[in-house]
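Structure assessment
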There are 2 protein chains.
Amino acid sequence: MNDVELGEAVRRCGLKNTKGRSAILGILEKSERPVSAEQVFMAMRDGGISANLSTVYRTLEALADKGLARKLTIAGDSRNLYEFNRMEHRHYLVCLACNKIVAIDSCPLRDYEKRLSAETGYLITGHRLDVYGYCPECRISYPQCPSP
Amino acid sequence: MNDVELGEAVRRCGLKNTKGRSAILGILEKSERPVSAEQVFMAMRDGGISANLSTVYRTLEALADKGLARKLTIAGDSRNLYEFNRMEHRHYLVCLACNKIVAIDSCPLRDYEKRLSAETGYLITGHRLDVYGYCPECRISYPQCPSP
DNA sequence: TTTACTGCAAACGGTTTGCAAAAGG
DNA sequence: CCTTTTGCAAACCGTTTGCAGTAAA
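A few points on the structure. Note that this is a predicted model, so its numbers are computed, not measured.

**Digging into helix α2 (residues 19–30) of chain A**
All names here are of chain A. Compared with the 16 Å implied by 1.5 Å per residue over 12 residues, the 16 Å span of α2 between its first and last C-alpha is a close match. Judged by how many residues are buried, α2 sits mostly within the fold: 9 of 12 residues are covered. Every buried residue of α2 is accounted for by Gly20, Ser22, Ala23, Ile24, Leu25, Gly26, Ile27, Leu28 and Glu29. Residues of α2 that are buried make contact with α1 (3–12), β1 (35–36), α3 (37–46), α4 (53–65), β2 (69–72) and β3 (81–84).

Encoded structure:
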């Protein structure tokens, strides 16, 4: 998305468009990994758009509320991460050595949710699945790996 | 486990046993849901054993390090939760209305991890899966349910 | 011109820490 | 005894908030 499209996306969801907001949405869209508020803040500075950290938090929250972004947490990280909402159902593979996070497209849980619902009487609305391990690069140096 | 056994478990893992420590381990063991540090703290007060909150944190951390407990986080809760480590592979079903957390015993991900490892080159060591929905009691009052 | 947004500084909640005193083995 | 553990208070970190000023529609 270019600057104009980003601005339109912000406006279309019912928010007033500002330089900061479209910049933040652009940063999310360009990043292929979830990012923290602080990372967004720094990326803005790097891009020459100064913003206040609390504004970044408020914007990320607003974008998540409106469905343009997603807020997520990864085990072992006390921060919240945000990503552009591509409307895909996604899971993450987290490297325990270098903390790299990569997205997984496949989801093995459709049938499982049905079964679980039948067994428990719960109305299942979603799930969170993160997979942990060691990436090919780190794998070499970490022969034995504790489970989280 | 009785008091003696709790104390032995603490000592066996390489920690000095104190009244507070075995009490905390006992609280974890008796609870069938994960609990927060604050909850442990209050449970101790209720049980007549006064302890400092930072000691509770330190103890939970130590028990988790030694493998007697597990530390976990649930989406949408900024706190860490702790549970007695029953050495079972477990997942949780979280009610989005009343926040009740119940354990699920089955795990549908064994084969999936193998496949994923083959596809990505990662050494997979574990995963986190939480399922969200509405429990039978809350289900009635929440007909439409947003996905987390 | 009205309403939504921003910056600032201060508060927040959960967690961690440094230190001196206390208790375990 | 020597080491580990504790209580206390203060710091910490990521996040949220109240408010007065600014900008979008």
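Alright, that's what it looks like, and here's the rest.
**What to know about the protein's contact with DNA strand D**
The full set close to DNA strand D counts 21 residues, and Tyr57(A), Asn80(A), Lys16(B), Arg21(B) and Thr55(B) are the nearest of them. Protein-proximal atoms of DNA strand D, defined as those within 4 Å of the protein, fall in sugar or phosphate at a share of 66%. The contact in question runs from a phosphate oxygen of DNA strand D to an N or O atom on the side chain of Tyr57(A), over 2.4 Å. At 2.5 Å, a side-chain N or O of Arg21(B) approaches a phosphate oxygen of DNA strand D. For the surface near DNA strand D, the secondary structure elements donating two or more residues are α4 of chain A together with α4 (53–66) of chain B.

**Digging into the pairing of strand β4 (residues 91–95) of chain B**
All names here are of chain B. Of all 5 residues that make up β4, 5 are buried, and the element is covered over most of its length. Sheet topology note: the β4/strand β5 (residues 101–104) ladder contains 4 bridges and is antiparallel. The residue bridging valine 94 from the neighbouring strand is isoleucine 101, located in β5. Here β4 pairs with strand β6 (residues 123–134) via 4 bridges, running parallel. Residue valine 94 lies in a different strand from β6, and its bridge partner there is tyrosine 132.

**Quick word on the relation of the copies chain B and chain A**
Rotating chain B by 179 degrees and moving it 0.0 Å along the rotation axis overlays it on chain A with an RMSD of 0.1 Å. Here the symmetry operator amounts to a two-fold rotation axis. Looking at the rotation axis and the C-alpha trace of chain B, the residue lying nearest is Leu129(B), at 2.2 Å. Of the interface residues in chain B, 100% have counterparts in chain A that sit at the interface too, so the contact is made through matching surfaces.

**So, the protein's contact with DNA strand C**
DNA strand C sits among 21 residues. The nearest are Lys16(A), Arg21(A), Thr55(A), Tyr57(B) and Asn80(B). Among the atoms of DNA strand C lying within 4 Å of the protein, the sugar-phosphate backbone contributes 65%. Here a base oxygen of DNA strand C sits 2.6 Å away from a polar atom, N or O, in the side chain of Lys16(A). Between DNA strand C and the protein, one listed contact pairs a phosphate oxygen with a side-chain N or O atom of Thr18(A) at 2.8 Å. For the surface near DNA strand C, the secondary structure elements donating two or more residues are α4 of chain A together with α4 of chain B. With 4 residues, the single largest contributor to the surface near DNA strand C is α4(A). Partitioning the surface near DNA strand C into residue classes produces 3 nonpolar, 10 polar and 8 charged.

**Re the interface of chain B and chain A**
The interface of chain B with chain A comprises 36 residues on the first partner and 36 residues on the second. Across the interface of chain B and chain A, roughly 3200 Å² is buried in total on both sides, 61% from carbon and sulfur atoms. Among the residues chain B hides against chain A, the three largest losses belong to Tyr122(B), Thr125(B) and Arg128(B). Together they make up 24% of the total. Our count for the contact surface shared by chain B and chain A stands at 2 salt bridges.

**Structural notes on the environment of Gly76(B)**
You can see Gly76(B) is positioned in the loop between β2 (69–72) and β3 (81–84). Distance from Gly76(B) to Leu96(B), taken between C-alpha atoms, is 9.7 Å for residues 20 residues apart in sequence.

**Remarks on the sheet that holds strand β6 (residues 123–134) of chain A**
Strand order across the open sheet formed by 6 strands is β5(A)-β4(A)-β6(A)-β6(B)-β4(B)-β5(B), with mixed pairing between neighbours. Looking at the sheet topology across the chains shown, the edges are occupied by β5 (101–104) of chain A together with β5 of chain B. Averaged over all neighbouring strand pairs, the angle between strand axes comes to 25 degrees, with direction disregarded. Against the sheet, helix α5 (residues 110–120) of chain A engages β6 of chain A together with β4, β5 and β6 of chain B, with an angle of about 130 degrees to β6(A). Lying on the sheet, helix α5 (residues 110–120) of chain B is in contact with β4 (91–95), β5 and β6 of chain A together with β6 of chain B; it crosses β6(B) at an angle near 130 degrees.

Cut-off values and rules
- Residues numbered from 1 in each chain as written.
- Chains lettered and ligands numbered in written order.
- Predicted model: local features only at pLDDT ≥ 70, side-chain atom pairs only at ≥ 80, totals over all residues.
- Heavy atoms only, no water.
- Helix = DSSP H or I, 4+ residues; strand = E, 2+ residues; numbered from the N terminus.
- Expected span 1.5 Å × (residues − 1).
- Buried < 20%, exposed > 50% of the residue type's maximum accessible area, 1.4 Å probe, protein only.
- Contact = heavy atoms within 4.5 Å.
- Near = heavy atom within 4 Å.
- Polar contact = N/O pair within 3.5 Å; in protein donor to acceptor, adjacent residues only side chain to side chain.
- Pairing = 2+ DSSP bridges.
- Least-squares fit on C-alpha atoms with pLDDT ≥ 70 in both.
- Nonpolar A, V, L, I, M, F, W, Y, C, P; charged D, E, K, R; others polar.
- Buried area = accessible area lost by both parts, 1.4 Å probe.
- Salt bridge = Lys/Arg side-chain N within 4 Å of Asp/Glu carboxyl O.
- Axes fitted to C-alpha atoms, helices over the stretch in contact; angles between N-to-C directions.

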